[in-house]
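One-letter residues, chain by chain:
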Amino acid sequence: MITALLLNACQKDKAKPKWNVDLLIPLISDSITVTDILDENFFVENPDQSISLVFSEELLNMNIDTIIKLPDTLLSFGISLDFLPQPIAFEPGDTIISQLFFLPIELDSEDFSNMALEKSIIRHGDVVFESYNQSDTDLKVVLGIPKVYHPESGSFYSEQKVTQNEFFQKAFDISDYHLDFSGPNHDTINMLSYQVDLIIHPDEPGTVMVKPEDSIALNVYFKDILLYYSRGYFGHETYAFGPEIYEFDMFEDIDVKEISFDEAEIWIEIKNTFGEEVNINVKDITAINTNTQESLSLESDLLNTDLFIDRAHEIEEESGNIETSTSRFDFSESNFPEIFSIQPNKFSYELSVETNVYEDSASLNNFFYYDQPIALSIDAKVNGGLKIDSLFQESRLEWQGKDLDISNVSEGNLKLVFNNAFPFDFLMNIYLEDKDMTIIDTLTYQLFMKGGHLDENYFITAPYETKTNIPLGDDLKKNINKAVFARYELVLNSTNNEYINIRSTDYLQFKIIGDFDYLIEQ
Amino acid sequence: MYKLQLFFLFMVISLMSHAQLNNYDLYLPANTNASDNKYTSQIYYNSHLNSNGLTNGFLNTLNKSGYISDELKNDQYEQLNGHVLSSHNMIAGADFWINSQDEDKFSYYFGFDHQQILDSKIDADIIGLLFYGNKKYAGKNLNIDDTHLYSTYFNRMKVGGGIDFGDGDTKHTISGALSIILGQNYEELTIHKSDFYTQQEGEYIDLSIQADIELADTSWANIWTINGIGSSIDLSYSLIKENNYHLALSIKNLGIINWRNASFSGSADTSLRFQGIQNDDDQDQTIPDNFSFDNLRNIVFKDAREEAFTKMLPMDIHITGGKYFSNSKFYAGVSTVFFPSLHRSYIAEVFFTWNHKDKFHITPIVAYNSLEQLTAGLAIGVNISKSISIRAGSSYLTSSFNSQAPAAQGGFVSFIFIK
């Protein structure tokens, strides 16, 4: 600043002296920390600043098909007019009959026998409407299902022309419709009401005669109904799952060579999102590495044991806002370390789920949401270190070289100083790139940087410094000005090929310093 | 074209003339404004360059735009110790006096001048940094304090008058001039305290600084540049008794300039670390995009204001007196100029003039200034005709040509035309 001002003052008199100075100018500085190298989703910092590899990987999630599927239901209305004493004349538009029916949905199969539904929301499915008109008159048939309603468009309602002596069929999509099974007084279950009107079709040319032998048959199907939400009582049942295979990609994500699970804490966590308490009984978990064709089954005292998980609670009905119930089961004493040692990429499992363990059928407070299935995951915290082999990292930063006035550098070097406080060895390449990210110069290639000094616990005690000088030739001068980006590539390997322990404070710092003989020219 | 001619005229004046501040000859005073003259005019140039640390050789090379060799730098740097005080005053201009030719002995005055004033007190470490760069100081903390740099250029257009009165051989002259000032540029930087540290390997540079700055147009373009407007007065009183004694007191540059163009003022009390371009740049920790003065000052003085400010001129006070001997064949006197606002706060001279028949006089001078420089020189005055005189001299003849000595340079020249 002062120098600039002094020179500036001199400039007034148009004096343009020149002289050489030796400058040390920091040009680029960057640090790489643990989170730059390893996915922070897999790490947690301990009180002593050591880093433990942690992961929580979902093994499986499950919805109970029996609960979420409404059985295909057929409701038949055979309407005979034999109560008429004689043929009666009707004018077009006259109503022959108008009737409200209350009928329960069919849940009388074994699977559904204990199910008492109060309300549901349909994820997708259809109502199919069939009619057969055995008369000589065209009819307008009205079907209304008042308790099947859409929050925006209202109750299900359909008017259809059913031609004389013909069969009619039509399916209606009732996705997102709500079902209210509680009856007109909200005091029952599994009940729906249906409004059926038979009307002389207004298009009839004139008076028509309806005879006692005329009849009309109506069928209403609930078909392929999948529920998004239900509330009621789903019964005390035991459902079996598996054997089934589940993908497990954790080891690909972590990208490390080996992990020492000797000091691992391993838990199986079960998150119950259903409004019914459950017992989960794990029959078998087998790890599979399809690359090595290895497989290993879990051995634990907790296998074939009921693992109880309390029910979830709805904070507001139908809102999807629930308070889940989670239980964790300690599998540290199992053979999980051996299981992980084969670095599985798949798991097969077999288990059973017992619902409504307390068999409280009176409260009708069971619920489920389709998009919030019961989840079973494995949590592990690995304290025993890991091995890293050829882990590749790269980063690009803006170089702003055009702003560096190095045209007056008579001679000099770019000094590269690396302080490696990681327990990794690095191989580093540094490139200068133009605006199109094309390499225009290579500052270092395969520069070896030894990992920091380790103590007996394989923690870093001091960084290891690596220095190198790059002579500043004319080409490099040009490229420094031309460069828009500096990109570095790092290849990491565990120091001494040991299991290494990482601290959150570990870092690699590198600096590029201009060591210039610089001609100051006013 | 007109501008060019004026500029040329002024530059000729500036280059050829040397001078003085009043219309009497300091070394052989006489009332040149005597009422029997119709008018008096002079063009002049006067310069003082003093430093207690920077050598003549170094400053000569600097001003000649030459290459400053390592040898020159080393020779110069070895002479530095503590703070280096330097001052440069230059004035060039022209005066015109018109006598009223009547009994009241009133005279009218107009004139103009151009002044350049540089004054500094600089920590030797800054000069070392400037000479050698920061590599030499890597790993060392440079503690820089009590540093001040002041520089201003301005032009004055003056009008005024004077009156002579007295009895017999004793005459008093009181004169004054009011100036309109066209300020050209102004720079003032005060560093109260600063620490500068370059890490041993150059990995980072730490700078902490407490400083104030006031600037107006740091890049002086030409004599016509106007960045401030001001006003000042000059006052002068002299008493002369023919062939006996002379006393005089004058005050110059008593005034202010309001700097309004390209102004910049601010204070800094900050710490910065320069460690290069970073991916996660904190603005306070990035290397400057460029090392231009404007960029650097914006980094250091973050909350600076770009609004007009008003500054006093660097006033000076001149006192002189002397005694004639041997029927005015000799004149012995003293002269002191005080610069209250500058680090070189006074220049004092003792002189002895031999006057040869009012046609020629020569004056040995011994001078001393507040930078503890004792120098000697010589002045001459030649009356070429009854109307034309030339005066020239320097009190630095013993120092100007010693390239190793702390800078003490300067002199004056003036051309006087009397009718």
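Analysis parameters
- Residues numbered from 1 in each chain as written.
- Chains lettered and ligands numbered in written order.
- Predicted model: local features only at pLDDT ≥ 70, side-chain atom pairs only at ≥ 80, totals over all residues.
- Helix = DSSP H or I, 4+ residues; strand = E, 2+ residues; numbered from the N terminus.
- Buried ≥ 20, exposed ≤ 12 C-beta atoms within 10 Å, placed from the backbone.
- Contact = placed C-beta atoms within 7 Å.
- Pairing = 2+ DSSP bridges.
- Axes fitted to C-alpha atoms, helices over the stretch in contact; angles between N-to-C directions.
- Core = buried A, V, L, I, M, F, W, Y, C linked by C-beta atoms within 7 Å.
- pLDDT = per-residue confidence, 0-100.

Peer 1: Kindly report on the overall build of chain B, identifying the contributing residues and their values.
Peer 2: Helix and strand counts for chain B stand at five helices and 17 strands. Buried residues in chain B amount to 44% of all 419 residues. Nonlocal contacts in chain B, meaning residues at least 24 apart in sequence, comprise 67% of its contacts between residues at least 6 apart.

Peer 1: Let's hear about the overall build of chain A: which residues, and what values?
Peer 2: Each helix and strand counted, chain A has six helices and 38 strands in total. Evaluated residue by residue, chain A yields a buried proportion of 33% over its 522 residues.

Peer 1: Lay out the sheet that holds strand E29 (residues 389–398) of chain A with the relevant residues and their values.
Peer 2: Residues and elements named next belong to chain A. Across the sheet, which stays open at both edges, the four strands sit in the order E29-E36-E31-E32 with antiparallel pairing between neighbours. In this open sheet, the two strands that pair with only one neighbour each are E29 and strand E32 (439–449). The average undirected angle you get between the axes of adjacent strands in this sheet is 15°. Inspection of the sheet shows E29 paired to strand E36 (residues 485–494) by nine bridges, in the antiparallel sense. The residue bridging Asp389 from the neighbouring strand is Asn493, located in E36. Against the sheet, helix H6 (residues 474–482) contacts strand E31 (424–433) and E32, and its axis sits at roughly 105° relative to E32.

Peer 1: Any details on the nonpolar core? Residues and values, ideally.
Peer 2: One finds Val148, Ile280, Phe368, Phe426, Leu432, Ala486 and Leu508 of chain A to be the most contacted residues of the largest nonpolar core, which totals 111 residues. Residues within four places of Leu508 of chain A in sequence aside, it is in contact with Ser31, Ile32, Phe418, Asn420, Ala421, Phe422 and Phe426 of chain A. In this structure, Leu59, Phe154, Phe301 and Ala407 of chain B belong to the second largest nonpolar core, which totals 40 residues.

Peer 1: Please set out the sheet that holds strand E1 (residues 18–33) of chain A residue by residue, giving values where relevant.
Peer 2: All names here are of chain A. Reading across the sheet, the four strands line up as E1-E38-E30-E35 and stay open at both edges, with antiparallel pairing between neighbours. Each of the sheet's edge strands pairs with one partner strand only, and the pair in question is E1 and strand E35 (464–471). Direction aside, the axes of adjacent strands within the sheet are offset by 15° on average. Summarising the sheet, E1 and strand E38 (residues 507–521) pair through 15 bridges and their orientation is antiparallel. Residue pairing across strands places Thr33 opposite Tyr507, the latter belonging to E38.

Peer 1: Hey, could you go over the pairing of strand E17 (residues 406–418) of chain B for me, with residue numbers and the actual values?
Peer 2: On any regular strand, side chains alternate: one points to one face of the sheet, the next to the other face. All names here are of chain B. Burial of E17 is extensive: twelve of the 13 residues sit out of reach of the surface. One ladder, built from twelve bridges, connects strand E1 (residues 39–55) with E17; its direction is antiparallel. Within E17, the position partnered with Ile43 by the bridge is Phe415. One ladder, built from six bridges, connects strand E16 (residues 388–394) with E17; its direction is antiparallel. Each residue of the ladder has a partner; that of Ala392, found in E17, is Val413.

Peer 1: Describe the pairing of E31 of chain A, naming the residues involved and giving the relevant values.
Peer 2: Residues and elements named next belong to chain A. When you tally the buried positions in E31, you get seven out of ten residues, the bulk of the element. Of the strand pairs in this sheet, E31 and E36 are connected by ten bridges, and their pairing is antiparallel. Bridged to Asp425 within E36 is Asn493. When E31 meets E32, the two strands line up antiparallel, connected through seven bridges. Paired with Phe426 across the strands is Met449, a residue of E32. Between E31 and E32, which pair antiparallel and follow one another directly, the connecting turn spans five residues, one of which, Met437, has a positive phi of 65°.

Peer 1: Which residues make up the environment of Asp203 of chain A, and what are the values?
Peer 2: All names here are of chain A. Inspection of the secondary structure assignment puts Asp203 in the loop between strand E13 (191–200) and strand E14 (208–210). Judged by C-beta crowding, with 10 C-beta atoms within 10 Å, Asp203 ranks as exposed. Between the C-alpha atom of Asp203 and that of Lys161, which follows or precedes it by 42 residues, the distance is 9.7 Å. Sequence-distant contacts of Asp203, that is, excluding residues within four places in its chain, are made with Pro92 and Asp138.

Peer 1: If you had to explain the confidence of the model for chain B to someone new, which residues and values would you point to?
Peer 2: All names here are of chain B. Residues with a pLDDT of 70 or more make up 86% of chain B, whose mean pLDDT is 85. Note on residues 1–21: pLDDT under 50 across the span, and 39 contacts to partners over four residues away in sequence or across chains. Of the two predicted TM-score estimates for the complex, the pTM is 0.63 and the ipTM is 0.77.

Peer 1: Help me get a handle on the confidence of the model for chain A, residues and values and all.
Peer 2: With 92% of its residues at a pLDDT of 70 or more, chain A shows a mean pLDDT of 85. Below pLDDT 50 for its whole length, residues 1–13 of chain A participates in 33 contacts with residues either more than four positions away or in separate chains.

Peer 1: Pulling in residues and values, what's your account of unusual backbone geometry?
Peer 2: Residues Gly242 of chain A and Pro243 of chain A are joined by a peptide bond in cis, for which omega reads 0°. Mapping Pro243 of chain A onto the fold places it in strand E16 (residues 238–247). A positive phi angle, close to 55°, is found at His186 of chain A, a residue other than glycine. Topologically, His186 of chain A is positioned in the loop between strand E12 (178–180) and E13. Among the residues examined, His186 of chain A registers 10 C-beta atoms within 10 Å and is labelled exposed. Of note, Asn327 of chain B is a non-glycine position whose phi angle comes to about 55°, a positive value. Tracing the backbone shows Asn327 of chain B in the loop between strand E11 (316–325) and strand E12 (330–338). A tally of 8 C-beta atoms within 10 Å means that Asn327 of chain B is categorised as exposed.

Peer 1: How would you sum up the environment of Asn243 of chain B? Please name residues and give values.
Peer 2: Residues and elements named next belong to chain B. Of note, Asn243 is situated in the loop between strand E7 (228–241) and strand E8 (245–259). Taking the number of C-beta atoms within 10 Å as the measure of exposure, Asn243 has 14 and is therefore partly exposed. When the C-alpha atoms of Asn243 and Thr170 are compared, they prove to be 9.9 Å apart, with 73 residues separating the residues in sequence. Ignoring anything within four residues of it in the chain, the contact list for Asn243 reads Tyr324, Asn327 and Ser328.

Peer 1: So, the environment of Asp195 of chain B: which residues are in play, and what are the values?
Peer 2: Residues and elements named next belong to chain B. Within the element layout of this structure, Asp195 appears in strand E5 (residues 170–198). The partly exposed category is assigned to Asp195, around which 15 C-beta atoms lie within 10 Å. In sequence terms Asp195 and Ile209 are 14 residues apart; their C-alpha atoms lie 6.5 Å from each other.

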